[in-house]
Amino acid sequence: MTEAAAAGPEEPLDLRSRTAALFRAMAAASKGEPAHSAARDGLVSLHMPLVEHLARRFRNRGEPYDDLVQVATIGLIKAVDRFDSDRGVEFSTYATPTILGEIKRYFRDKGWAIRVPRRLQELRLSLTAATADLTQELGRAPTVAELAERLELAEDLVIEGLESANAYNTLSLDAPDQGETDSSTVLDALGGEDEALESVEYRESLKPLLAQLETREKRILTLRFFRGMTQSQIAEEIGISQMHVSRLLARTLTELRTGLLKE
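Residues numbered from 1 in each chain as written. Predicted model: local features only at pLDDT ≥ 70, side-chain atom pairs only at ≥ 80, totals over all residues. Heavy atoms only, no water.

1. Regarding the overall build of the protein chain
For clarity, the cut-off: By the criteria applied, helices consist of DSSP H or I runs no shorter than four residues and strands consist of E runs no shorter than two, each listed in order from the N terminus. Note on classification: 1.4 Å probe, protein chains only; a residue is buried when its accessible area is under 20% of the maximum for its type, exposed when over 50%, partly exposed between these limits. Working rule for contacts: check all heavy atoms of both residues, and any pair within 4.5 Å makes them a contact. Residue-level accessible areas treat just the shown protein chains as cover; the underlying method is Shrake-Rupley with a 1.4 Å probe.
Helix and strand counts for the protein chain stand at 14 helices and zero strands. Each helix and strand of the protein chain, ordered N terminal to C terminal, gives the series α-α-α-α-α-α-α-α-α-α-α-α-α-α. Among the 263 residues that make up the protein chain, the fraction classed as buried is 30%. The long-range share in the protein chain, meaning contacts at least 24 apart out of those at least 6 apart in sequence, stands at 50%. When the accessible surface of the protein chain is split by element, carbon and sulfur atoms take 51% of a total near 17800 Å².

Below, the structure written as structure tokens:
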């Protein structure tokens, strides 16, 4: 297949002649002059159907069609500014790879939901191609070791590249939860109430009150509420009667409760 055939249908004679005339007008004027700008704008307008045709190739890939047309138009403008009519090549043949390159660069650089280094973007493309080839050869998904051997890379780099692929597409928190028939979203399924949150204020308020207790009372509270010991076990541990432990525990808790209410 020739380059011209790969680029698409040849330009109609009228389009070719108008294109050639506009390029001659550009060449005859200096940059910044009205005639140069008018010819340049005319070339862009004349080849917008080519832009739209090439942009349609990339529809349904997660990017709005209008954005693709805008990016493709930038490629067309670059092609107009760089084209040398003396080479004897049809402008559409020259412009097509330039426009496609601009669109592909957009997907490579802007299509990532989270910005990652260029080396990881390129590594992801290599991994995608290697994975497809190996899957066809092996009849199953390749392992990290097999990908590393195919690409002649360390396994750590392969793992890093595979993990970076998660940054290419993300799911909106407002997206409907898959499999749900109601209007619940992904955000509704994330997180939950922290039962310990309400006790944070009490714990912080207790700190200065606990600091004022005698050493024995602190130890009794620790043994009872943090080590789960019974009053009998505490009495044996400290060397006092169980009844004494009960009175000390009741008095200490009353003092703490009173202190909290004052706060």
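2. Thoughts on the packing of aromatic side chains
To be explicit about the condition: Put simply, two rings from Phe, Tyr or Trp (the six-membered ring, in Trp's case) pair if the centres are within 6.5 Å, and we call them stacked under 30 degrees between planes, edge-to-face over 60, tilted for the rest. Only Lys NZ and Arg CZ are tested; either one counts as a charge over a ring when it is within 6 Å of the ring centre and within 35 degrees of the ring normal.
For the structure on display, the rule yields four aromatic pairs. A cation over an aromatic ring shows up here: Arg59 above the ring of Tyr65, its NZ or CZ 4.7 Å from the ring centre.

3. With respect to helix α4 (residues 48–56)
Working note: α-helix, 3.6 residues per turn, so residues spaced by three or four point in the same direction. Worth spelling out the cut-off: Directions are taken from the helix axis to each C-beta atom, and the arc is the one they span.
Taken as a whole, α4 has its buried residues at Leu50, Val51, Leu54 and Ala55. One side of α4 carries all its buried residues, which in axial view fall inside an arc of 130 degrees.

4. Remarks on the nonpolar core
The cut-off we apply is this: Definition used in this section: a nonpolar core is a set of buried Ala, Val, Leu, Ile, Met, Phe, Trp, Tyr and Cys residues joined via side-chain atoms within 4.5 Å.
Among the nonpolar cores identified, the biggest contains 25 residues, and Phe23, Leu68, Leu76, Val80, Phe91, Ile99 and Ile103 are the most heavily contacted of them. Among the elements of the structure, α2 (13–28), α3 (34–46), α4, α5 (65–82) and α6 (91–110) are those that each provide at least two residues to this core. Each residue touching Ile99, except ones within four places of it in the same chain, is listed here: Leu50, Val51, Leu54, Ala72, Gly75 and Leu76. Listed in part, the 13 residues of the second largest apolar core include Leu209, Leu213, Leu248 and Leu256.

5. Describing the pattern of salt bridges
The test is simple: A pairing counts as a salt bridge when a side-chain nitrogen of Lys or Arg comes within 4 Å of a carboxyl oxygen of Asp or Glu.
Under the definition given, this model contains eight salt bridges. Residue Glu146 is joined to Arg140 by a salt bridge in which the shortest nitrogen-to-oxygen separation is 2.7 Å. Judged by relative accessible area, Arg140 falls into the partly exposed class, the value being 39%. Notably, a salt bridge pairs Arg251 with Glu217, separated by 3.0 Å at the nearest N-O pair. Here Glu217 lies in helix α12 (residues 215–226) and Arg251 lies in helix α14 (residues 242–262), a separation of 34 residues in the sequence. Judged by its relative accessible area of 45%, Arg251 falls in the partly exposed class. Exposure remark for Glu217: the relative accessible area of 7% places this residue in the buried category.

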